[in-house]
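# Close look at the chain arrangement
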Protein chains: 2
Amino acid sequence: MSNLEAKFARLGAENAPGQEVRQNADDLRSVMRGDILPGIPVDFSHGDVDAFEPTPGARAAWEEGFDAGGAQAYTEYRGSGAIRDDVAASLAAFTGAPVDPVDELIITPGTQGALFLALGAVVDRGTRVAIMEPDYFANRKLVAFFGGEIMPIALHYQGHAPQRGPDLGQLQAAFEAGAEVLVFSTPNNPTGVVTQDTAINEIARLAAEYNVTVIVDQLYSRLLYSGESYTHMRACAERPKNLITIMGPSKTESLSGFRLGVAFGSAPLIERMEKLQAIVSLRAAGYSQASLKTWFHEPDGWMEDRIAQHQAIRDDLLAIFQAAGFATACPQAGSYLFPQLPELVVSPEVFVRLLRLQAGVTVTPGSEFAPHTAHSIRLNFSQDHMAAVAAAHRIVEMVERYRA
Amino acid sequence: MSNLEAKFARLGAENAPGQEVRQNADDLRSVMRGDILPGIPVDFSHGDVDAFEPTPGARAAWEEGFDAGGAQAYTEYRGSGAIRDDVAASLAAFTGAPVDPVDELIITPGTQGALFLALGAVVDRGTRVAIMEPDYFANRKLVAFFGGEIMPIALHYQGHAPQRGPDLGQLQAAFEAGAEVLVFSTPNNPTGVVTQDTAINEIARLAAEYNVTVIVDQLYSRLLYSGESYTHMRACAERPKNLITIMGPSKTESLSGFRLGVAFGSAPLIERMEKLQAIVSLRAAGYSQASLKTWFHEPDGWMEDRIAQHQAIRDDLLAIFQAAGFATACPQAGSYLFPQLPELVVSPEVFVRLLRLQAGVTVTPGSEFAPHTAHSIRLNFSQDHMAAVAAAHRIVEMVERYRA
């Protein structure tokens, strides 16, 4: 196998959300038990923007962008200056630390684009990168693509909040052993764990001490459930010199179809990211950028209502999985559930495919998030409430069918 | 300088189109001659989508995409299946060879995105890549970013059509010396040279013989001037096994603000490109993809009219530059002119900045396209006709001011 073949073999995307349509089901017939389970199909691999519609005004903002013509079509690579002014002010207020719109912010094609550019700016052949496990699947793939070396850090996610969070002993050991970069999501994807105040401050302090670059993916930080608190590392008193925060309106705000994200933080890294953007895709789609004008300007009560609706779905699904005996952490934020399934007679990957074929339920296999979480499945529960509940019952029934 | 610093130093984007707003002009005062030249500012660094508006129906198609909701927001990474069906049929008819919409086509965030993915799929550390000079500036930057080695091939572009085209002797020597990839644009950016039938067939034959992967950037192939002919390599009888063709609606069709491109060709390479897309930006913005439904379905006479209008601007600008004695090839297709300026008392880079400051004219420095073309400037003449003519006269007047 050539280097390139090996590199792309590691980038397997066939289990990635949305890619299931490319799978062939012929080989499943021999292991199949029972009939089709009727019900409305639910694709838990991503949020349903029909059930939770895009922010009010996002379409009109796009249309204004289109009408603005060339000025909106051809922005700077880091995005329209006027829109960066507005977004920087919102993000400064939200995170509790200033953001310079000229030098410290870049608009990207989705938060995926922001992650790619941020890791591309700091990871080269041999760069050691601390990665939490489990965490968003692209983190590990990106590090591998850029030739970096992964140093895994355990994220404790079962049990109650005080026991949860990254293993700080392992983190310090990784920094000690030469990690130059740390990338992690909080709220964590796939578990919904929010790294708490004490831990965020300690990670920031350690990163400053060891001069580690930190990339924090805060994509879901606005969808915080009642009673939970959130600490933004960029507002910590002691924090690393090189710190990039990533957010975007694709999830809570349902603007996924616009492909918008932002990265903000250390100016020299933002400059590198823009240089990379110049050869990757030039800029986030110009007209789409205009829809960022609605971000953080949602109508009064809109966000509270959206959070309450998600919390209700979370609680119903959690109750169903816990009643079935699946170890499932209660997400503190975001719209992911990560139930652990019991031992089955088929492999987890086959079970996920059977689930889609027999129960009309699409989930993402746990093996995408860490080597040791293959027995879990990830559900994005930003779905029609009733359909999601029915689908969760079908998952339980399917587990009973295939239980070892 | 660390490896990463060196890597990003090579990625300088400050002269790239649209980035001029980030330049500081203070250092120019000491060399400045004469006053401001009045006139409507013209930004020749990219096409003016206000002068040449987006294809009729593109906005309505986007709105239909938005209304379609989740199905359009979350497409496969390679793009919506239904849209690929339609686009593949159009591209097969246009290029004269079949395109399988399932396996041989990917929709990308602009043609820049297509180029990035295509080169990322085939260039690794040490891969030798034949690059024409001059050619689109990102080609060289992309090869450097992926760690490849550039093997330059001269593109002869002055004089009349029969003398123009790539130096096939150098090309064969590069293949002989181990080039694994060839990437080039035809129509050439920045000169408008169309590589002719005999040369395209010979390149295809040589690439097949030496098993070289070919990436052909045909972005401007629809904007072909009267009397010119175009040969699509993918329709050649003898052609390389690994061949990717890149096109998009950003230029002639003025859909730049949607960020859409396509790459089509060898299925294993398209598969790699999709895997890479999965970690780069997931997909071209879902709602934007819907606007591809208008591509190749423009109203009767629309494309002929657009070509005629560009040809009229081309002829006027060419006459102005040729009268001033600037060696300027007549573009056979596309909307770029690449006049060579006489010796000046300031460096070409400084002249380009003075042009912007004193004459309200933005152009791209020739040094972006090849090491030896620093004395040329590139103009995208897809502009308001009268404003472009006036701006061309100001360029000539500025050259007279600073002539050595």
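Calculation rules
- Residues numbered from 1 in each chain as written.
- Chains lettered and ligands numbered in written order.
- Predicted model: local features only at pLDDT ≥ 70, side-chain atom pairs only at ≥ 80, totals over all residues.
- Helix = DSSP H or I, 4+ residues; strand = E, 2+ residues; numbered from the N terminus.
- Rg over C-alpha atoms; globule rule 2.2 N^0.38 Å.
- Buried ≥ 20, exposed ≤ 12 C-beta atoms within 10 Å, placed from the backbone.
- Contact = placed C-beta atoms within 7 Å.
- Least-squares fit on C-alpha atoms with pLDDT ≥ 70 in both.
- Pairing = 2+ DSSP bridges.
- Nonpolar A, V, L, I, M, F, W, Y, C, P; charged D, E, K, R; others polar.
- Axes fitted to C-alpha atoms, helices over the stretch in contact; angles between N-to-C directions.
- Parallel < 35°, antiparallel > 145°, perpendicular 65-115°, else oblique.
- pLDDT = per-residue confidence, 0-100.
- Left-handed = near helix turned anticlockwise from the far one by under 90°.
- Right-handed = clockwise from strand over helix to strand, strands pointing away.

### Considering the overall build of chain A
A count of helices and strands for chain A gives 13 helices and 13 strands. Against the compact-globule benchmark of 22 Å for 404 residues, chain A has a radius of gyration of 21 Å, which places it among compact chains. Over its C-alpha atoms, taken along the principal directions, chain A stretches across nearly 60 × 50 × 50 Å. For chain A, buried positions account for 56% of its 404 residues. The contacts of chain A with a sequence gap of at least 6 include a subset with a gap of at least 24, amounting to 75%.

### Remarks on helix α6 (residues 137-145) of chain A
Residues and elements named next belong to chain A. Counting buried residues along α6, eight of its nine residues qualify, which places the element largely inside the surrounding structure. Along α6, the positions that sit buried rather than exposed are F137, A138, N139, R140, K141, L142, V143 and F145. Once α6 ends, the next one or two residues include G147, with phi positive near 85 degrees.

### Section: the relation of the copies chain B and chain A
Mapping chain B onto chain A calls for a screw motion: a turn of 180 degrees about the axis and a shift of 0.0 Å along it, with 0.0 Å RMSD after fitting. This pairing of chains is accounted for by a two-fold axis. For chain B, the residue whose C-alpha comes nearest the rotation axis is A285(B), separated from it by 3.7 Å. By residue overlap, the copies meet face to face through one surface: 98% of the interface positions of chain B are interface positions in chain A.

### Concerning the sheet that holds strand β13 (residues 377-380) of chain A
Spatial strand order, β10-β13-β12 (chain A): three strands in an open sheet with antiparallel pairing. Edge positions in the sheet fall to β10 (336-337) and β12 (364-365) of chain A, since each has one partner strand and no second.

### Concerning the interface of chain B and chain A
Taken residue by residue, the interface counts 52 residues in chain B and 51 residues in chain A. Those elements that place two or more of their residues in the side of chain B that touches chain A are α1 (3-9), α2 (58-68), α3 (70-73), α5 (110-122), α6 (137-145), α9 (267-280) and α10 (286-289) of chain B. Considering each element in turn, the side of chain B that touches chain A owes the most residues, seven residues, to α9(B). The class makeup of the residues in the side of chain B that touches chain A is 25 nonpolar, 15 polar and twelve charged.

### Concerning the packing of helix α7 (residues 168-176) of chain A against helix α8 (residues 197-210) of chain A
All names here are of chain A. α8 packs onto α7 with a crossing angle of 10 degrees between their chain directions and a minimal axis gap of 10 Å. Judged by the inter-axis angle, α7 sits roughly parallel to α8. Residues L168, L171, Q172 and F175 of α7 pack against A199, E202, I203, L206 and Y210 of α8. By residue class, the composition of the contact of α7 with α8 is seven nonpolar, one polar and one charged.

### Things to note about the confidence of the model for chain A
Overall, the predicted model of chain A reaches an average pLDDT of 96, with 97% of residues at or above 70. Two summary scores accompany this predicted model of the complex, namely pTM at 0.96 and ipTM at 0.96.

### Considerations on the packing of α5(B) against α9(B)
Residues and elements named next belong to chain B. Following both chains from N to C, one finds α5 and α9 inclined at 110 degrees, their axes separated by 9 Å at the closest point. Taken as axis vectors, α5 and α9 run roughly perpendicular relative to one another. Handedness of the crossing formed by α5 with α9: right-handed. Packed against α5, whose contacting residues are L117, A118, G120, A121 and V122, the element α9 presents L269, R272, M273, L276 and Q277 at the interface. Residue composition of the contact of α5 with α9, grouped by class: seven nonpolar, two polar and one charged.

### Comments concerning the pairing of strand β6 (residues 181-185) of chain A
All names here are of chain A. The buried count for β6 comes to five of five residues, which makes it a mostly enclosed element. Of the two faces of β6, the one holding V181, V183 and S185 and the one holding L182 and F184 are both buried throughout. As paired strands, strand β3 (residues 128-133) and β6 are joined by three bridges and run parallel to one another. The residue bridging V129 from the neighbouring strand is V181, located in β6. Examined bridge by bridge, β6 and strand β7 (residues 213-217) share five bridges and lie parallel to one another. Each bridged residue has a counterpart across the sheet, and for L182 the counterpart in β7 is V214. A crossover links β6 with its parallel partner β7, the connecting element being α8, and its sense is right-handed.

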